[in-house]
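Coordinate inspection notes
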Amino acid sequence: ERCGHGLGAEGLNEDLVGVPFAKNIGQVRQSPTRFRSDLNRMENRVLRIAHLGSGIFAKEGHAPVFIELQKAGLVETSVCWSRSIESARGLADVYEKGLGTAPDVLAGEEGLETILNRSDISAVTVVLPIYLQAVYSLRAIEAGKHVLSEKPIAASTDEAAAVIGKWKEVSNKVHYCVAENFRFEKAFREAASEVKNVCGAVISASLTAFVPFPEGSKYESTQWRRDSKHLGGVLLDSAVHFMAGLRLVLGAEATDVLSVNSKRTAHMPQVDTFNAILRFGDRFNASASVTYAASSRRFILVVVGTEGEVIVERMGGGYQVTKMRGNEEPFAVTYEFCGVEDEIAAFVRLCLGHDPTDKSDPDLLDPMQGFSDLALIESIMTCHESFVPVKPTPRIS
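A brief look at the structure comes next. (Residues numbered from 1 in each chain as written. Predicted model: local features only at pLDDT ≥ 70, side-chain atom pairs only at ≥ 80, totals over all residues. Heavy atoms only, no water.)

Now for the overall build of the chain. The helix and strand inventory of the chain stands at 14 helices and 15 strands. Per-residue burial for the chain yields a buried fraction of 55% across its 397 residues. Counting only contacts in the chain whose residues sit at least 6 apart along the sequence, the fraction spanning at least 24 positions is 74%. Summed over its atoms, the accessible surface of the chain is roughly 16,900 Å², and 48% of this surface lies on carbon and sulfur atoms. (Helix = DSSP H or I, 4+ residues; strand = E, 2+ residues; numbered from the N terminus. Buried < 20%, exposed > 50% of the residue type's maximum accessible area, 1.4 Å probe, protein only. Contact = heavy atoms within 4.5 Å. Areas by Shrake-Rupley, 256 points an atom, 1.4 Å probe, with all protein chains shown as cover.)

Below, the structure written as structure tokens:
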């Protein structure tokens, strides 16, 4: 279960809107992944997979993609598993509706042991509450299964480090991947390229995200989010996307973090807003302002350099990437959402031993990427505890 595209439960099906500025616009680029025309060219092998976790995003995010991959003859969903049999049946119903046949349904500890001991199942997805992600990923890795874990990789960097350490012992046999759709959005990958081509030396960057997360909404209503057993609450659950996008576009790692965090809603159990400054060594600084208390939705990332700037902004069903060099006219292209489809397709290719669609795909799936995303959110949450503000000198009366 996760908030699709990091923008809350209500943000998945908006229509693509027009680009509001720049004279030389007119391009809307669709997702590069089209399963029957592309993936069918793979040699005739099938990845048999079990889905661990049967919640909202397993049904609405993963299942449509895996159904198309199964129609293309690349995967076979063998089992839907959950901690409760009712939830597992609900996910199996989605596959039966899409494929005409239902996978096996298993639940609880006994069902999990059955999956881990089945030699015909070579891979699992792990789409569970955050505090369970690392535990179940580790069990699957130890059983010799390839793992596609939803983001965030774990509830803490300590947990993540423990799983990655165990995986490294068998990494020549088992693929351990973290599904972070922002890294596979065509818009963010293109923006990263444009920052190198257009900006020159980066001077600064700013990220702003307003995300409605109202009481009673689909994702907010899940009990584990309301219990919020993990550090950061909704900020780890969803804002981790923004850290992934920021890291990808800038192509750099933050060395220091300062943040002021606050709780602006009554219904969320932890802080829902942060205003952070990220320092990237002596190269440049970036700001990140994120709130889940707003009633409106917006995402915009601006990178300013010595020679130009690049802007990524959410526009309905995709992202608009605008580049401007010096006094030249701005040029904008809008890309449809494609991250979930492309990250899953990349995982399937990797497990089947096929060349990636893009040479960077394996690196974008690497669990160390997920570790670094988590580390930023963890730093934002914990540095607030020791933040020492400096009061401005009062006005002279």
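With that out of the way, let us pick up empty space enclosed by the protein. Applying the stated criterion to the full structure yields three cavities of 30 Å³ or more. Empty space within the largest cavity amounts to approximately 130 Å³. Every residue lining the largest cavity is counted, 14 residues in all, and those nearest its centre are F213, R225, G233, V234 and P269. Sorting the residues of the lining of the largest cavity by element identifies α9 (223-227) and α10 (234-237) as the ones contributing at least two each. The class makeup of the residues in the lining of the largest cavity is six nonpolar, four polar and four charged. Roughly 40 Å³ of volume is contained in the second largest cavity. Lining the second largest cavity are A346, R349, L350, H354, D355, P356, D361, P362 and L365. At the level of elements, α12 (339-352) and α13 (361-365) are the ones that each hand at least two residues to the lining of the second largest cavity. Class assignment for the residues of the lining of the second largest cavity results in five nonpolar, one polar and three charged. (1 Å grid on protein atoms, 1.4 Å probe; cavity = no way out; pocket = protein on both sides within 12 Å on 5 of 7 lines; lining within 4 Å. Points joined across faces, edges and corners; volume = space filled by probe spheres on them. Nonpolar A, V, L, I, M, F, W, Y, C, P; charged D, E, K, R; others polar.)

This brings us to the side chain of S259. Along the chain, S259 turns up in strand β9 (residues 256-262). Polar side-chain contacts of S259 include one of 2.6 Å to the side chain of N261. At 3.5 Å, the side chain of S259 and the backbone oxygen of N275 are in polar contact. (Polar contact = N/O pair within 3.5 Å; in protein donor to acceptor, adjacent residues only side chain to side chain.)

If you walk across this open sheet you meet the six strands as β4-β3-β2-β5-β6-β7, and the pairing is parallel. The open sheet has two edge strands, β4 (104-107) and β7 (176-179), and neither has a second partner. Here the average twist between neighbouring strands, direction ignored, is 25°. Across four bridges, the pairing between strand β6 (residues 146-150) and β7 is parallel. Bridge pairing links L148 to C177 in β7. Lying on the sheet, helix α4 (residues 108-117) is in contact with β2 (47-52), β3 (75-82), β4 and β5 (123-126); it crosses β4 at an angle near 125°. (Pairing = 2+ DSSP bridges. Axes fitted to C-alpha atoms, helices over the stretch in contact; angles between N-to-C directions.)

Now for the pattern of salt bridges. Enumeration according to the criterion identifies 18 salt bridges in this entry. R189 is the partner of D358 in a salt bridge, and the nearest nitrogen-oxygen pair spans 3.2 Å. Of this pair, D358 sits in the loop between α12 and α13 while R189 sits in helix α8 (residues 186-198), placing them 169 residues apart in sequence. Three or more residues are tied together by salt bridges with common partners; here these are R183, R247, E253 and D373. (Salt bridge = Lys/Arg side-chain N within 4 Å of Asp/Glu carboxyl O.)

For the rest of this paragraph, the subject is the pairing of β3. Taken across its eight residues, β3 has seven buried, putting it largely inside the fold. Looking at chain direction, β2 and β3 are connected through six bridges and run parallel. Looking across to β3, one finds that L47 is bridged to V75. The handedness of the β2 to β3 crossover, carried by helix α2 (residues 56-71), is right-handed. Sheet topology note: the β3/β4 ladder contains four bridges and is parallel. Directly across from V79, in β4, lies its bridge partner D104. Crossover β3 to β4 through helix α3 (residues 85-99) is right-handed. (Right-handed = clockwise from strand over helix to strand, strands pointing away.)

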